Amino acid sequence: MTPFEPAQQQSHRQPAVVAFNRGELSKILNVYGFFVASGDWRDYAIDSLRDAAVFSIFRRTSEAPLYRIEKTPKLAKKQGAYSVISMTGQVLKRGHDLEQVLRYFDRQKLKLAN
């Protein structure tokens, strides 16, 4: 190949990433906002990876996340695409419907009300 010939196009495509859509983020941020207002949670991070989207919830920025809300599309036909995972890695709730999975946090809301 001479320097004046155009470079051949490589057919390598960038792998697609999984992300939360606007509706999913709205539902997650509603729950997050409640706990921020109560003073329990202070920070969050959103990661879009090749196989999953992760919303991490922190009590303090310098700590490990208290909870991770994950969307894993390849599990959609099995256990469900959405899950809430604890700091230790234990799956606390899993399902096909994000709203149903986020109801896990209703128990914590009741504890705050008392």
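Our structure is the block above this text.
All values reported here derive from a predicted model rather than from experimental measurement. (Residues numbered from 1 in each chain as written. Predicted model: local features only at pLDDT ≥ 70, side-chain atom pairs only at ≥ 80, totals over all residues. Heavy atoms only, no water.)

A.B. asks: Lay out the pairing of strand β4 (residues 82–86) in plain terms, naming residues and giving numbers.
C.D. replies: Most of β4 is tucked away: 5 of the 5 residues are buried. Burial along β4 is two-sided: Tyr82, Val84 and Ser86 and Ser83 and Ile85, pointing in opposite directions, are all buried. The sheet contact formed by β4 and strand β5 (residues 91–95) spans 4 bridges and is antiparallel. Counterpart to Ser83 in the pairing with β5 is Arg94. (Buried < 20%, exposed > 50% of the residue type's maximum accessible area, 1.4 Å probe, protein only. Helix = DSSP H or I, 4+ residues; strand = E, 2+ residues; numbered from the N terminus. Pairing = 2+ DSSP bridges.)

A.B. asks: Go over a nonpolar patch on the surface with me, naming the residues and quoting the values.
C.D. replies: On the surface, Leu29, Tyr44 and Ile46 cluster together into a nonpolar patch covering about 240 Å² of accessible area. Tracing the backbone through its elements, the reader meets Ile46 in strand β1 (residues 43–48). (Patch = residues over 30% accessible without salt bridge, like charges linked within 9 Å, V, L, I, M, F, W, Y side chains within 5 Å. Areas by Shrake-Rupley, 256 points an atom, 1.4 Å probe, with all protein chains shown as cover. Salt bridge = Lys/Arg side-chain N within 4 Å of Asp/Glu carboxyl O.)

A.B. asks: With reference to specific residues and values, describe helix α1 (residues 22–37).
C.D. replies: Its 16 residues give α1 an end-to-end C-alpha distance of 22 Å, which sits within 8% of 22 Å, the value for a rise of 1.5 Å per residue. Residues Glu24, Ile28, Val31, Tyr32 and Phe35 constitute the buried set of α1. The arc enclosing the buried residues of α1, seen along the axis, measures out at 95°, which places them on a common side. The exposed set on the far side of α1, more than 90 degrees from its buried face, consists of Arg22, Asn30 and Ala37. Structurally, the start of α1 carries an N-cap: the backbone nitrogen of Gly23 is 3.1 Å from a side-chain oxygen of Asn21. Gly39 sits one or two residues past α1 and shows a positive phi near 90°. (Expected span 1.5 Å × (residues − 1). Arc of directions from axis to C-beta. Polar contact = N/O pair within 3.5 Å; in protein donor to acceptor, adjacent residues only side chain to side chain.)

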